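Observations on chain architecture
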Amino acid sequence: MPKFQITFPDSTEYSFDLTEDLVTIGRISENMIELQDISVSSHHAELSANGGDYILKDIGSTNGTRLNGKSVAPDEEHPLRDGDTVMFGKVQAVYASENPADASPMPDEEAAVAVAAESSVQPSDFVNASPFQTKGKKKTDSGVGFLVFGIVALLASIGAIATVFMMKAP
């Protein structure tokens, strides 16, 4: 018997056996498959039996239905094959057929075409070749000034303490 393996955005998974001739899918409890997700319309889509498999039809949902990554137009019928992925809003469903021989064929392989650049210029230097910025040396005279001031203040305080200790009582 055909099944839908449902995966919600929070990674919760459910499996639904498709046994009826007409299966309704939506957010409210009137539907045979109830998908409690805000991205699913109250009456989102329908599945109708066709031999051993089902035909998918979006019934005017707000966030749309996608079959194998392609948008499904409202009221347009699409036969499902084993392994098809259907998105109802943000809820993913994978169709498992009774007839795995009718699985979706692999897409034709497309050869990649390499095209040479029309022009190229050798860089004069590789200063900007790194993706990371280099830190420049900051030369500030204020740092040296604070250091000299600190040393002078330390020497003055040591001299004052030494003077206090050398004083004699009257």
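Residues numbered from 1 in each chain as written. Predicted model: local features only at pLDDT ≥ 70, side-chain atom pairs only at ≥ 80, totals over all residues. Heavy atoms only, no water.

1. Thoughts on the confidence of the model for the protein chain
Confidence along the protein chain averages 85 in pLDDT terms, with 84% of residues attaining 70 or more. Within the protein chain, no element has a lower average pLDDT than helix α1 (residues 141-166), which sits at 90, and none a higher one than strand β10 (residues 85-88), at 95. (pLDDT = per-residue confidence, 0-100. Helix = DSSP H or I, 4+ residues; strand = E, 2+ residues; numbered from the N terminus.)

2. Description of the nonpolar core
The biggest cluster of nonpolar side chains holds 21 residues, and the ones touching the most others in it are Phe4, Leu18, Leu35, Leu47, Leu56, Leu80 and Phe88. Mapped by element, the contributors of at least two residues to this core are β1 (3-7), β3 (22-26), β5 (45-50), β6 (53-58), β10 and β11 (91-96). No other element matches β11, which puts three residues into this core. Setting aside anything within four residues of it in sequence, one finds Leu18 in contact with Met1, Pro2, Lys3, Phe4, Val23, Ile33, Leu47, Tyr54 and Tyr95. (Core = buried A, V, L, I, M, F, W, Y, C linked by side-chain atoms within 4.5 Å. Buried < 20%, exposed > 50% of the residue type's maximum accessible area, 1.4 Å probe, protein only. Contact = heavy atoms within 4.5 Å.)

3. Thoughts on the side chain of Ser97
Position of Ser97 among the secondary structure elements: in the loop between β11 and α1. Its relative accessible area of 12% is what places Ser97 among the buried residues. Engagement of the side chain of Ser97 in a polar contact is seen with the side chain of Asp53, the distance being 2.4 Å. Leave out the neighbours within four places in its chain, and Ser97 touches Asp53 and Asp82. (Polar contact = N/O pair within 3.5 Å; in protein donor to acceptor, adjacent residues only side chain to side chain.)

4. Focus: the environment of Glu13
Considering the arrangement of structural elements, one finds Glu13 in strand β2 (residues 13-17). For Glu13 and Gln92, which are 79 residues apart along the polypeptide, the C-alpha to C-alpha distance reads 9.5 Å. If sequence neighbours within four positions are ignored, Glu13 has contacts with Gln5, Ile6 and Thr7. Of the polar contacts made by the side chain of Glu13, one reaches the side chain of Gln5; its length is 3.3 Å.

5. Digging into the pattern of salt bridges
Per the stated rule, a full pass over the model turns up one salt bridge. Its salt-bridge partner being Lys57, residue Glu46 comes within 3.9 Å of it at the nearest N-O pair. Placement of Glu46 in strand β5 and of Lys57 in strand β6 is noted, with a sequence separation of eleven residues between them. Taking relative accessible area as the criterion, Lys57 reaches 23% and is therefore assigned partly exposed. (Salt bridge = Lys/Arg side-chain N within 4 Å of Asp/Glu carboxyl O.)

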